[in-house]
Amino acid sequence: MESSLYIHIPYCASKCIYCDFFSGGAKYADWSLLSNQLLSELSARYHELSSDISTIYLGGGTPSLIPADVLYTFISGLRSILGDALRNNAEFTIEVNPEDVITGLIDVWSEIGVNRVSVGIQSFDDNLLSLIGRKHSGQRALEALDAISRRFQNVSGDIIFGLPNQSFSQFKDDVELLIKSGVSHISCYSLMVEPGTALHQLIRQRKIAPVDEGLSEKMYQYLIERLHKAGFEHYEISNFARPGFRSRHNTGYWKGRQYLGIGPAAHSYDGLRTRRSNPWNLKGYLKHDFSTASFYEEEYLTDIELQEEMIMLSLRTKEGLDLDNFERRFGAFNKERVLKSAQKDLDGGKLILTDNRLQLSESGILTADNTISNLF
Ligand code: SF4
């Protein structure tokens, strides 16, 4: 059984106004202590992974802030713990922010075995970048993509649509610039206004106008058509890849494979029915003794939760929900129940049923959240 390792780096240079990921201020970071604690957690928990680890993902937060010496020590410790269980050809992704990208660091990432770089761009428009609290400019993002693409073939660019004050033509420009940069993969998410974020507060105080849903939908539709013309495969609701460049790590999540997440706020799943979540507690994480007690909280998914998760994750992907597989896991009765719930959207053209696979149609993708929730 294939498995994946996720490492959460809980520091950022500053907080973007829309972000609800767990991260603290990097100026207070003790990088060596963090690295030691991550390795201690991995030593205590690596047995939760199968002996076939096919992907590593260094995410956050902002992993590109990790100093080179700490990164060398951390990755060498990680490799010695995982040993032969880590595939030679494992996909190894690092998330980076454009303002951190310098030639010396690109060399370091390459030397430690990184073979996929995911760049958080969000937009190339300087006014929008400044409004949402990003630290780079559009020009810096282009330079970073250029420098990274000279070293790595597998480069992903992240952008967002539906940003406050974002016009349709600004979004079109972002898409064009990203295509021209030569990236092999694009993740493009619709902005979600999450409670507890600065953006949520600013909208409540009427200092920023809420995003126009009609405009967001128009941007998403444009994105799908434009990237299709540019040769990208739309393989998941928010993800597009040139042939051969799908994210193997994220594909593991969508297929319900086993993964271990280490670091504060990281999640793990055993591929069966156990979820483990590390609390959002950086101070607690940094002083925890992993050799004597676990840090995570554990949850067992019910049959209904497992079914809903499989429906939701599968339908997000191009391949859709394999109903034979669903029936093998949950029985004929539950498969029939799903088909009954799907009937209205099958008749309305939002879902398609071919070869016993349920998939979102082109119009179903535009209203994916509603279409999928109709099945529960
Ligand atoms: S850099 Fe990324 S993780 Fe950090 S605050 Fe911004 S969006 Fe969140």
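Above this note sits the structure.
Rules behind the numbers
Residues numbered from 1 in each chain as written. Predicted model: local features only at pLDDT ≥ 70, side-chain atom pairs only at ≥ 80, totals over all residues. Heavy atoms only, no water. Near = heavy atom within 4 Å. Nonpolar A, V, L, I, M, F, W, Y, C, P; charged D, E, K, R; others polar. 1 Å grid on protein atoms, 1.4 Å probe; cavity = no way out; pocket = protein on both sides within 12 Å on 5 of 7 lines; lining within 4 Å. Points joined across faces, edges and corners; volume = space filled by probe spheres on them. Helix = DSSP H or I, 4+ residues; strand = E, 2+ residues; numbered from the N terminus. Domains from an automatic or database assignment. Phe/Tyr/Trp six-rings, centres within 6.5 Å; stacked < 30°, edge-to-face > 60°. Buried < 20%, exposed > 50% of the residue type's maximum accessible area, 1.4 Å probe, protein only. Pairing = 2+ DSSP bridges. Contact = heavy atoms within 4.5 Å. Axes fitted to C-alpha atoms, helices over the stretch in contact; angles between N-to-C directions. Salt bridge = Lys/Arg side-chain N within 4 Å of Asp/Glu carboxyl O. Core = buried A, V, L, I, M, F, W, Y, C linked by side-chain atoms within 4.5 Å.

A. Local environment of the site of the ligand. Taken together, Cys12, Ser14, Lys15, Cys16, Tyr18, Cys19, Phe21, Gly61, Thr62, Asn97 and Arg134 make up the full set of residues adjacent to the ligand. For the shell around the ligand, the residue count by class is 5 nonpolar, 4 polar and 2 charged.

B. Highlighting the layout of surface pockets. Space inside the second largest pocket adds up to approximately 570 Å³. What lines the second largest pocket is a set of 21 residues, among which Ile224, His234, Ser361, Glu362 and Ile365 lie closest to the centre. Only α8 (213-229), β9 (233-236), β17 (357-360) and α14 (362-366) provide two or more residues apiece to the lining of the second largest pocket. Here the residues of the lining of the second largest pocket are counted per class, giving 9 nonpolar, 6 polar and 6 charged. Split by domain, the residues of the lining of the second largest pocket number at least three in each of domain 1 (2-254) and domain 2 (303-373).

C. Examining the packing of aromatic side chains more closely. The tally for this structure, following the rule as stated, stands at 13 aromatic pairs. Centre to centre, the rings of Phe290 and Phe295 are 6.2 Å apart; their planes meet at 65°, and the pair counts as edge-to-face. Grouping residues by exposure puts Phe290 and Phe295 together as buried. Ring centres of Phe326 and Phe330 lie 5.0 Å apart, and the angle between their planes is 55°; on these two criteria the pair is classed as tilted. Of this pair, Phe326 and Phe330 both sit in helix α12 (residues 323-330), 4 residues apart, which is roughly one turn of the helix. In this structure Phe326 comes out as buried when scored by relative accessible area, which is 0%. Using a relative accessible area of 12% as the deciding quantity, one classes Phe330 as buried.

D. Spotlight on the sheet that holds strand β15 (residues 321-322). Strand order in the open sheet formed by 3 strands is β15-β17-β16, and the pairing between neighbours is antiparallel. Edge positions in the sheet fall to β15 and β16 (351-354), since each of these pairs with one other strand and no more. Strands in contact with helix α13 (residues 332-347) are β15, β16 and β17; relative to β16, the strand with the most contacts, it is inclined by about 120°.

E. Representation of the pattern of salt bridges. What the rule picks out here adds up to 18 salt bridges. Its salt-bridge partner being Arg276, residue Glu48 comes within 3.1 Å of it at the nearest N-O pair. With Glu48 in the loop between α1 (31-45) and β4 (52-60) and Arg276 in strand β13 (residues 274-277), this residue pair connects regions lying 228 residues apart in the sequence. You'll find Glu48 and Arg276 in the same group, each marked buried.

F. Summary view of the environment of Ile186. Residue placement: Ile186 occurs in strand β8 (residues 185-190). Ile186 gets classed as buried once you look at its relative accessible area, which sits at 1%. Here the alpha-carbon distance between Ile186 and Leu199, two residues 13 residues apart in the chain, equals 24 Å. In contact with Ile186, other than residues within four places in its own chain, are Ser156, Gly157, Leu178, Leu227, Phe232, Ser238, Asn239 and Phe240.

G. Focus on the nonpolar core. Ranked by size, the top nonpolar core spans 95 residues in total, and within it Leu5, Ile7, Leu78, Trp109, Ile148 and Phe171 carry the most contacts. No other element matches the 7 residues that helix α2 (residues 68-82) contributes to this core. Looking at which domains feed residues into this core, each of domain 1 (2-254) and domain 2 (303-373) gives three or more. Beyond its immediate chain neighbours, meaning those up to four positions away, Leu5 contacts Leu42, Leu49, Ile53, Thr55, Ile56, Tyr57, Leu78, Leu82, His249, Leu260 and Ile262. Judged by nonpolar contacts, the second largest core, of 12 residues, contains Ile17, Leu191, Leu199 and Ile203.

H. Summary view of unusual backbone geometry. Between Gly60 and Gly61 the backbone carries a cis peptide bond, its omega angle lying at 20°. With respect to the helices and strands, Gly61 occurs in the loop between β4 and α2. One non-glycine residue, Gln122, adopts positive backbone phi at about 70°. Among the secondary structure elements, Gln122 is positioned in strand β6 (residues 116-122).

I. Just empty space enclosed by the protein, in detail. Within the structure shown, the criterion is met by 1 cavity of 30 Å³ or more. Computed from the structure, the largest cavity encloses a volume of approximately 50 Å³. In terms of lining residues, the largest cavity is bounded by Ile9, Trp31, Leu34, Ser35, Leu38, Ile66, Val70 and Phe74. If you list the elements that add at least two residues to the lining of the largest cavity, you get α1 and α2. Among the elements that line the lining of the largest cavity, the one with the most residues is α1, at 4 residues. Per-class residue counts for the lining of the largest cavity are 7 nonpolar, 1 polar and no charged.

The analysis is restricted to geometry; functional conclusions fall outside its scope.
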